[in-house]
Amino acid sequence: MPRPLAARAENLLEALFEPADTVPVFAELSPGRHELLRVLAELLSAEDFQLFPFGSELHKRFTHYGLPSRYPLSLRAYVGLSTEGEDPRAPLSDPWGPIREH
């Protein structure tokens, strides 16, 4: 089951964006889409984009609509949020780590 925020983000993207082959210019998007993407960039984490064990296909959705999707930081940079001090290629945390430790 996808993380709740990832599932909601997928639904919002589907409702508000059309499939695209190229990344649209952020300044050309409507104010509502600006705000949605800015909020998603602030709230989504690397775990929300992770396929296993949560089953999120969020990265595929972003790609389908022509939006940056390789790393969560690519979305943050796209909407103009600071990425200073963050490593865009940092590995995802191990979702099973807390379970293995017990």
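Refer to the structure above for everything that follows.
Residues numbered from 1 in each chain as written. Predicted model: local features only at pLDDT ≥ 70, side-chain atom pairs only at ≥ 80, totals over all residues. Heavy atoms only, no water.

The next subject is the overall build of the protein chain. Within the protein chain, the regular secondary structure consists of 6 helices and 0 strands. Listing the helices and strands of the protein chain from first to last along the sequence gives α-α-α-α-α-α. A buried classification covers 31% of the 102 residues belonging to the protein chain. Relative to all contacts within the protein chain whose residues are 6 or more apart in sequence, the contacts with residues 24 or more apart total 64%. (Helix = DSSP H or I, 4+ residues; strand = E, 2+ residues; numbered from the N terminus. Buried < 20%, exposed > 50% of the residue type's maximum accessible area, 1.4 Å probe, protein only. Contact = heavy atoms within 4.5 Å.)

This part covers helix α2 (residues 31-43). Between its first and last C-alpha, α2 extends 18 Å over 13 residues, near the 18 Å set by a 1.5 Å rise per residue. Taken together, the buried positions of α2 are occupied by H34, L36, L37, L40 and A41. Buried residues in α2 make contact with α1 (4-16), α4 (58-64) and α5 (72-78). (Expected span 1.5 Å × (residues − 1).)

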